[in-house]
Amino acid sequence: MNTAERYLTLNSRDLRLELEELYAAYTACLDEERFEEWPEFFVEQCLYKIVPRENFERGLPLATWLCESKGYLADRVTAIRKTAVYAPRTMRRMVSGLRVLGWKEGVLEVRANYVALETLQDEFTRVFNTGQYRDKLVADGGRLKFKEKLCIFDSLLVPNSLIYPL
Amino acid sequence: MGARHVWPQEGISRIPYWIYSDPEIYAREQERIFCGPSWNYVALEAELPRSGDFKRTFIGEKPVVVVRDQQGSINVVENRCAHRGVQFCQRHLGNAVEFMCPYHQWTYDLKGNLIGVPFRRGVKKQGGMPADFDPKNHGLRRLRVACRHGVIFASFASELEPLEEYFGPSMLALFDRVFDGRELRVLGYSRQLTPANWKLMFENIKDPYHASLLHVFLLSFGLFRADQPSKVQMDATGRHGALISWRGDQKKTEDNADMKSLIDNFKLQDATLLEPVREFPEYTVVMTTLWPNLIIQQQSNTLAMRQLITRGPAAFELAWTYFGYAADDEDMTRRRLRQANLMGPAGFVSIDDSEVMKFSQAGVGPYPEGAGVMEMGGRDWKDEQHMVTESVIRAFYAYYRQVMQI
Ligand code: FES
Ligand SMILES: [Fe+2]
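Quantities reported herein were computed from a predicted structural model and do not represent experimental measurements.

Quick notes on the rules
- Residues numbered from 1 in each chain as written.
- Chains lettered and ligands numbered in written order.
- Predicted model: local features only at pLDDT ≥ 70, side-chain atom pairs only at ≥ 80, totals over all residues.
- Heavy atoms only, no water.
- Helix = DSSP H or I, 4+ residues; strand = E, 2+ residues; numbered from the N terminus.
- Rg over C-alpha atoms; globule rule 2.2 N^0.38 Å.
- Buried < 20%, exposed > 50% of the residue type's maximum accessible area, 1.4 Å probe, protein only.
- Contact = heavy atoms within 4.5 Å.
- Areas by Shrake-Rupley, 256 points an atom, 1.4 Å probe, with all protein chains shown as cover.
- Lys, Arg positive; Asp, Glu negative; His and termini not counted.
- Charge placed at Lys NZ, Arg CZ, Asp CG, Glu CD.
- Pairing = 2+ DSSP bridges.
- Axes fitted to C-alpha atoms, helices over the stretch in contact; angles between N-to-C directions.
- Parallel < 35°, antiparallel > 145°, perpendicular 65-115°, else oblique.
- Nonpolar A, V, L, I, M, F, W, Y, C, P; charged D, E, K, R; others polar.

What about the overall build of chain A?
Reasoning step 1: Along chain A, the regular secondary structure elements total 4 helices and 7 strands.
Reasoning step 2: Along chain A, helices (α) and strands (β) appear in the sequence α-α-β-α-β-α-β-β-β-β-β when read from the amino end.
Reasoning step 3: Taking 15 Å as the expected radius of gyration for a compact globule of 166 residues, we find that chain A reaches 16 Å, a close match to that expectation.
Reasoning step 4: Within chain A, the proportion of its 166 residues that are buried is 49%.
Reasoning step 5: By sequence separation, contacts in chain A at least 24 residues apart represent 58% of the contacts at least 6 residues apart.
Reasoning step 6: Surface accessibility of chain A: about 7,600 Å² in total, with carbon and sulfur atoms responsible for 50%.
Reasoning step 7: Taking the 24 positively charged and 25 negatively charged side chains of chain A as two groups, their mean positions are separated by 3 Å.

Things to note about the sheet that holds strand 11 (residues 151–155) of chain B
Residues and elements named next belong to chain B.
Reasoning step 1: Read across the sheet, 3 strands follow the order 2-11-10 without closing on themselves; strand pairing throughout is antiparallel. Every interior strand has two partners, whereas the edge strands, strand 2 (40–44) and strand 10 (144–148), have only one. Within this sheet the neighbouring strands show an average axis-to-axis angle of 30°, counted without direction.
Reasoning step 2: Sheet topology note: the strand 2/strand 11 ladder contains 4 bridges and is antiparallel. Paired with Ala43 across the bridge in strand 11 is Ile152.

A short note on the sheet that holds strand 6 (residues 93–95) of chain B
Residues and elements named next belong to chain B.
Reasoning step 1: An order of 5-4-3-6 is seen for the 4 strands of this open sheet, with the pairing classed as antiparallel. In the strand order of this sheet, the two ends are held by strand 5 (74–78) and strand 6, each with one partner. Neighbouring strand axes in the sheet, compared pairwise and without regard to direction, differ in orientation by 30° on average.

Description of the packing of helix 1 (residues 23–34) of chain B against helix 9 (residues 391–404) of chain B
Residues and elements named next belong to chain B.
Reasoning step 1: Relative orientation of the contacting elements helix 1 and helix 9 amounts to 90°, with a least axis distance of 10 Å. Taken together, helix 1 and helix 9 sit at an angle that is classed as roughly perpendicular. For the pair helix 1 and helix 9, contact is made by Ile25, Arg28, Glu29, Arg32 and Ile33 and by Tyr400, Val403 and Met404, respectively.
Reasoning step 2: Residue composition of the contact of helix 1 with helix 9, by class: 5 nonpolar, no polar and 3 charged.

What follows is the structure, encoded as C-alpha cells:
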C-alpha cells in the first residue's frame, strides 16, 4: 500500500492525530524561526496566501501575501533573512478548532482557527493576526503536505508590517 | 503658535521634530490642511458602481461617507448624525436606499437631506419638535466633490480651485497617464496602521534617495538603482510631487559600491514576481503624491491608491486600494496581483518603509527639540533629472509652512 492510500484508509481518529502532529510541527517550525524548513511543508506546485477577510468575502483577488510555488516560499525566506529591514520580534502561533472536511480526489480539506501573537521590544505581547486556515493537503513523499494554504484574517488593519509567515 | 514652535532659521533644509508629535500642531493640521482648501482622495468610482453603493472612509481623521445617489451622482457627507453626532454608517462598503441613524432613527436620503424624524409631532400630543423645526436645516453636512476619470475627491472647503487647476499641468499629465478614462476594476484592499506621524509617509515616498540604500530587495534584484535614469517633478506650489524612473543600462560601478547591501548573484527561485510587461509609455515607475492624502502607485504593472488617514500625531492608517482596468485580460490581472507582493503591509519593499517610519517616530517623538537635515541635492527645491535629492520633501515643507503659518 503506498502512502497516499495509507492516508486514505486511516480512520478519522488516526487521521486527526496525524494532522494535530502536522500543525504542531508547522507552528513550531515558524515559532522557532526555522524558516528555511518552512517550504518543506508544501508540495512544489502550491498556493500560499494571506488574505484579509474583507477581500475574501467580496471575491476580490488581492492577497496581502501571495506565493504560487514552493520556490516562491523560499524567496520569501530569503527576503526575511537577507533583504528585509525590520525590528526584532517573536511570534507565537496557536491553532485550534481543527476540522477535517474530508478527502476529495486525493486532496484532504482541513480548516482551523489560528492566532498569531507578536512580541516586540518595549511592548507587551499583542494579538497580531487571527483568522481561519483553509487548507488542502496531499500525501507526498510519505507525509502530508500543503497543496494550498489560505490564511484568511479577520482584522481589516495589519499592525504595521507582516514579516513572518502565518 | 507658542515659542516652542519656531522653525529653524535654515528654513526648509531643516525639519524641526516637534511637527511629528505636538498635539497642537496635529490639531492645526486637521483644521488647515485636511479641512482646509485641499482636494482629498476618498474613493474610486469603480467601488460604487450602482446607485445606493456607499463607502465609509476618512479625511484626515474625520469620518465621511461617499455614496452614489439614485440619479447616479456622487455625494460625500459627514459620517456624523445631524442630531447628536452618532457615526451612523459603520460598514466599510455597502448599498443603501437611505441612511438611518440607529440612535433616534433620524433618516437621511443619499444626498444627505433629513427626510425622517420619529416623534417629530410628539406622541399623543406630547413632546415633539418645536413647530418651527425645519428638516431642511438639519441635513448631513455635504462636502464639495470632484471626479476625474473615475477618481473621487472631496473637500470641506467652500472655496477652492477646480481639481485640474489644483493638480497643475505636470501632475495632471501624470494623473491622466494612469487614469485615462478607461473603466477601472478594484482588485482588493489592504490596510495597515503605522505608528508614525503621517508626514513621515509623505517624506518616505517623496524621497528617492533612500530607495537605493534601504531597499536591499530592489538592489539585489536590479529593480532600482541610484544610477537608473530617473527624475523628480513637482507642481508650481511644491505640495504635489512625483518620483519617476525608467529602465536603462546599468553596471556595477564605483558609485554603487556605496550601496553596501548590493548582493551579487542573488536570484529568485520563482521569477514570476519580476516579469512585468511594458504597459505605460516612457516610465516604469511613477509614484505621485497629491496633497494632502494620496499616493498613486504605478510600479511596473501594480496600480494602487494609497490613502493616508491620520490617527493622532503618532499614527496613521494607510488604506491601499489595488486596481486594474476592466478590460485587463487574465494574464495582466495575474501580473498585477503578483507584483502586489512588493507593496503593502507584507511587501518585499514596503516592509522596510513601514518599519523605518516606526523607527523614525521612535527617534523624533522623544526629541521635539531636534531637527532633521534635509540637504541632499541642495537647500532649495526644484525639478531634478536624478534621484540623489531630497528636493521633493523640501518642496512639501515649503508649502506646509505656508498653510500652517509656521
Ligand atoms: S444621534 Fe442620530 S438620531 Fe439621535
Ligand atoms: Fe521606500
